[in-house]
Amino acid sequence: MAITPIEAAVPGLVYHKPSPEEAPFKSVGDQVAIGDTVALVEVMKSFMSVEAEVAGTFKGYIAEDGESIEPGAVICEVEVE
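Residues numbered from 1 in each chain as written. Predicted model: local features only at pLDDT ≥ 70, side-chain atom pairs only at ≥ 80, totals over all residues. Heavy atoms only, no water.

### Quick look at the overall build of the chain
- Counting its regular elements, the chain contains 0 helices and 8 strands.
- Its C-alpha atoms give the chain a radius of gyration of 12 Å, near enough to 12 Å, the size a compact globule of 81 residues would have.
- For the chain, the C-alpha atoms occupy an extent of roughly 35 × 25 × 20 Å along the three principal directions.
- Every one of the 81 residues in the chain was classed for burial, and the buried ones make up 31%.
- The long-range fraction of contacts in the chain, counting pairs at least 24 apart against all pairs at least 6 apart in sequence, stands at 60%.
- Of the roughly 4700 Å² that the chain leaves accessible, carbon and sulfur atoms contribute 54%.
- On the chain, the mean spot of the 4 positive side-chain charges and the mean spot of the 15 negative ones are 5 Å from each other. (Helix = DSSP H or I, 4+ residues; strand = E, 2+ residues; numbered from the N terminus. Rg over C-alpha atoms; globule rule 2.2 N^0.38 Å. Buried < 20%, exposed > 50% of the residue type's maximum accessible area, 1.4 Å probe, protein only. Contact = heavy atoms within 4.5 Å. Areas by Shrake-Rupley, 256 points an atom, 1.4 Å probe, with all protein chains shown as cover. Lys, Arg positive; Asp, Glu negative; His and termini not counted. Charge placed at Lys NZ, Arg CZ, Asp CG, Glu CD.)

Encoded structure:
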């Protein structure tokens, strides 16, 4: 099994939840399918979905909720089986 990082494609603020009142997109141990939204990145008041390009088990977020990130920064990790 390999750990695959999911990285930011654009700079901005990363969010783990679709809105402040809702649960995170994924929790440790959740299954991840290709195309699942795992985070949002806010760029100039626009929100871009960060989608998984691999399937596996969610290992956790690396970037903190609300953290400013740059392209290539690791947002979270998925364990691919």
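### Focus: the sheet that holds strand β5 (residues 46–51)
- Pairing in this open sheet of 4 strands is antiparallel, and the strands run β5-β4-β2-β7 from one edge to the other. Every other strand in the sheet has two partners, leaving β5 and β7 (68–69) as the edge strands with one partner each.
- Taken together, the 6 bridges between strand β4 (residues 37–43) and β5 define a ladder with antiparallel strand orientation. Among the inter-strand pairings, Val43 is bridged to a residue of β5, identified as Ser46. (Pairing = 2+ DSSP bridges.)

### Here's the deal with the side chain of Lys26
- Tracing the chain through its elements places Lys26 in the loop between β2 (12–15) and β3 (31–32).
- A relative accessible area of 12% places Lys26 in the buried class.
- Among the polar contacts listed, one links the side chain of Lys26 to the backbone oxygen of Gln31, at a separation of 3.0 Å.
- Beyond its immediate chain neighbours, meaning those up to four positions away, Lys26 contacts Gln31, Val32, Asp36, Thr37, Val38, Phe58 and Tyr61. (Polar contact = N/O pair within 3.5 Å; in protein donor to acceptor, adjacent residues only side chain to side chain.)

### Remarks on the sheet that holds strand β6 (residues 56–61)
- Reading across from one edge, β1-β8-β6-β3 is the order of the 4 strands in this open sheet, with antiparallel pairing throughout. Of all strands in the sheet, those bounded by a partner on one side alone are β1 (2–7) and β3.
- Bridge analysis of β6 against strand β8 (residues 74–80) gives 4 bridges, and the strand direction is antiparallel. Each bridged residue has a counterpart across the sheet, and for Thr57 the counterpart in β8 is Glu79.

### A closer look at the nonpolar core
- By size, the foremost hydrophobic cluster in this structure holds 15 residues, and its most contacted members are Ile6, Val14, Val38, Val50, Ile69, Ile75 and Cys76.
- Contributions of two or more residues to this core are made by β4 and β8.
- Not counting residues up to four positions away in its chain, the partners in contact with Val14 are Ala39, Leu40, Val41, Ala63, Glu64, Asp65, Gly66, Glu67, Ile69 and Ile75. (Core = buried A, V, L, I, M, F, W, Y, C linked by side-chain atoms within 4.5 Å.)

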